[in-house]
Amino acid sequence: MTAPIYHRVALIGLGLIASSMSHAMRAKGLAGEIVGHAKSPETRATALELGLCDHVYATAAEAVKGADLVVLAVPVGAMAAVAAEVAPHLAPGCTVTDVGSVKQAVIEMVAPHLPDGTCFIPGHPMAGTEYSGPRSGFATLFVNRWWLLTPIDGTPPAAILRLQSLLEGMGAKVNSMDAAHHDQVLAVVSHTPHLIAYTMVGVADHLAQVSNSEVIEYSASGFRDFTRIAASDPTMWRDVFLTNKDAVLDILGRFAEELFVLQRAIRMGDGEHLFDYFTRTRAIRRGIIEAGQDTSAPDFGRSAPPPPSS
Ligand code: NAP
């Protein structure tokens, strides 16, 4: 156990990310007190039942009072309203951070509301699952995962270092970058792949011959991984695409061009092109494993689904 890094942490939104933060902070004694707010009474009751929060409040305004760290952990589309609500109630000197998957839009939504004497340090944990809600969190979600910060000019370095020690205390690796660069990188490594997964599952669903039983029966192949990604929270992902529009459209354009080239190679029987292309992509996969961002275990590190009960 270390000394608490913040005395009172207010979690606004109590879903996957906030509940994982609570478990991780509690496990390491990183916060003196954890309080929270979520929209629905059910989520607030669950947060108390699970011990995620010492107190929950019916409004975000009440929850942030006296907090030296406020974490906005709501869907990106709700950030502006939440920031406007909490701003008049923030304690002088407090740090506000967020965990939104898009950074430029969140900065535009949040920063204008915050009063002088508080500081906003935008952040994004690059960790998640396809599950959501307060019961989905776990203490090790952030271990060895990147937590990207996109600090705004003029932010006191001491405030950034303090937040960084909390994130590292939860097991994350921290890096800082410009918000526009963050959004472009995420469009490549996360946002567009999700859109492709949603599309692929949608295509299968449209094909009547596979949509009934075959898609379930034979989904032990690559398709199963698409379905896992496509099971991600619809609100979160709607907001991601609406707010990282330009970067995602840019990557989708490049994707379409590459796809046409591969489509042509298939049509023309150009095996050499396909082989060379797949050799390059395989090397990228090896790089990800070497960087410790995934396991080399077969089947994407997950165990096979249970056999169907007959
Ligand atoms: P989640 O599990 O769906 O939880 C969202 C939480 O926000 C819920 O507690 C919800 O309350 C609350 N909420 C929604 N609108 C609200 C409002 N207007 N006022 C107050 N509370 C509100 O979401 P999550 O996966 O933790 O995602 C939270 C943020 O983290 C998002 O911005 C997302 O982009 C980002 N993020 C997610 C992942 C991921 O893989 N999931 C990874 C990195 C970053 P109710 O339960 O009462 O509805």
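No experiment lies behind these values; they were computed from the predicted model shown.

To continue, consider the packing of helix α12 (residues 245–268) against helix α13 (residues 271–290). α13 packs onto α12 with a crossing angle of 140° between their chain directions and a minimal axis gap of 8 Å. Viewed along their axes, α12 and α13 adopt a mutual orientation that is oblique. Like other packed secondary-structure pairs, α12 and α13 cross with a definite hand, here left-handed. Residue-level inspection shows Glu-258, Val-261, Leu-262, Ala-265 and Ile-266 of α12 in contact with α13, the latter providing His-273, Leu-274 and Tyr-277. Residue composition of the contact of α12 with α13, by class: 6 nonpolar, 1 polar and 1 charged.

Every one of the 28 residues lining the ligand counts as a neighbour, but Ser-40, Thr-43, Val-74, Ser-101 and Gly-133 are closest to it. Ser-101 has a polar side-chain atom sitting 2.7 Å from an oxygen atom of the ligand. The separation between an oxygen atom of the ligand and a polar main-chain atom of Gly-133 is 2.8 Å. In the complex, 85% of the free accessible area of the ligand, which totals 910 Å², lies under the protein chains.

What follows concerns unusual backbone geometry. Even without glycine at this site, Asn-144 takes up a positive phi of about 65°. Residue placement: Asn-144 occurs in the loop between β6 (119–125) and β7 (146–149).

Of all residues in the protein, 93% attain a pLDDT of 70 or more, and the chain-wide mean is 92. Between residues 303–310, whose pLDDT stays under 50, and residues either more than four places distant or in other chains, the model counts 4 contacts.

Another point: helix α7 (residues 179–206). The end-to-end C-alpha distance of α7 is 37 Å, a good match for the 40 Å that 28 residues give at a rise of 1.5 Å each. When the local axis directions of α7 are compared, the greatest deviation, roughly 55°, occurs at Ala-187. The complete set of buried residues in α7 reads Ala-179, His-182, Asp-183, Leu-186, Ala-187, Ser-190, His-191, Thr-192, His-194, Ala-197 and Ala-204. If you check the start of α7, you find a side-chain oxygen 3.2 Å away from the backbone N of Ala-180, and it comes from Asp-178.

What follows deals with the sheet that holds strand β3 (residues 55–56). Spatial ordering of the open sheet is given by β3-β2-β1-β4-β5-β6-β7-β8, a layout of 8 strands whose pairing is mixed. With partners counted over all chains shown, the strands left at the sheet margins are β3 and β8 (173–176), one partner each. Judged from the 4 bridges that link them, strand β4 (residues 69–72) and strand β5 (residues 95–98) form a sheet pairing that is parallel. Bridged to Val-71 within β5 is Thr-97.

Turning next to the pattern of salt bridges. Across all of its chains, the model carries 8 salt bridges by this definition. With a shortest N-O distance of 3.1 Å, Glu-33 and Arg-8 are connected by a salt bridge. Of this pair, Glu-33 sits in strand β2 (residues 31–37) while Arg-8 sits in strand β1 (residues 6–12); the two residues are 25 residues apart in sequence, bridging distant segments of the chain. Residue class for Glu-33 comes out partly exposed when judged on its relative accessible area of 22%. One salt bridge connects Arg-254 with Asp-250, and the closest N-O pair in it is separated by 3.4 Å. With Arg-254 and Asp-250 both in helix α12 and 4 residues apart, the pair spans about one turn of that helix.

Listed as buried for helix α11 (residues 234–243) are Trp-237, Asp-239, Val-240 and Phe-241. Against the buried residues of α11 lie α7 and α12. Between the side-chain oxygen at the start of α11 and the backbone nitrogen of Thr-235 there is a gap of 3.3 Å, and the oxygen is on Asp-233.

What follows covers the pairing of β6. Along β6, 7 of the 7 residues are buried, which leaves the element largely enclosed by surrounding structure. By the alternation rule, side chains of β6 split into Cys-119, Ile-121, Gly-123 and Pro-125 and Phe-120, Pro-122 and His-124, which are all buried. Examined bridge by bridge, β5 and β6 share 4 bridges and lie parallel to one another. In the sheet register, Val-96 faces β6, and the bridge partner there is Phe-120. This β-α-β element, β5 to helix α5 (residues 104–110) to β6, shows right-handed connectivity.

As a further point, take the side chain of Ser-136. Within the fold, Ser-136 resides in the loop between β6 and β7. The exposure class of Ser-136 is buried, given its relative accessible area of 15%. From its side chain, Ser-136 meets the backbone oxygen of Ser-132 in a polar contact 3.4 Å long. A polar side-chain atom of Ser-136 sits 2.6 Å from the main-chain carbonyl oxygen of Gly-133. Dropping the residues within four chain positions of it, Ser-136 is found in contact with Leu-16, Ser-19 and Tyr-131.

Conventions we followed
- Residues numbered from 1 in each chain as written.
- Predicted model: local features only at pLDDT ≥ 70, side-chain atom pairs only at ≥ 80, totals over all residues.
- Heavy atoms only, no water.
- Axes fitted to C-alpha atoms, helices over the stretch in contact; angles between N-to-C directions.
- Helix = DSSP H or I, 4+ residues; strand = E, 2+ residues; numbered from the N terminus.
- Parallel < 35°, antiparallel > 145°, perpendicular 65-115°, else oblique.
- Left-handed = near helix turned anticlockwise from the far one by under 90°.
- Contact = heavy atoms within 4.5 Å.
- Nonpolar A, V, L, I, M, F, W, Y, C, P; charged D, E, K, R; others polar.
- Near = heavy atom within 4 Å.
- Polar contact = N/O pair within 3.5 Å; in protein donor to acceptor, adjacent residues only side chain to side chain.
- Areas by Shrake-Rupley, 256 points an atom, 1.4 Å probe, with all protein chains shown as cover.
- pLDDT = per-residue confidence, 0-100.
- Expected span 1.5 Å × (residues − 1).
- Bend = angle between axes of the 7 residues up to and from the residue.
- Buried < 20%, exposed > 50% of the residue type's maximum accessible area, 1.4 Å probe, protein only.
- Pairing = 2+ DSSP bridges.
- Salt bridge = Lys/Arg side-chain N within 4 Å of Asp/Glu carboxyl O.
- Right-handed = clockwise from strand over helix to strand, strands pointing away.

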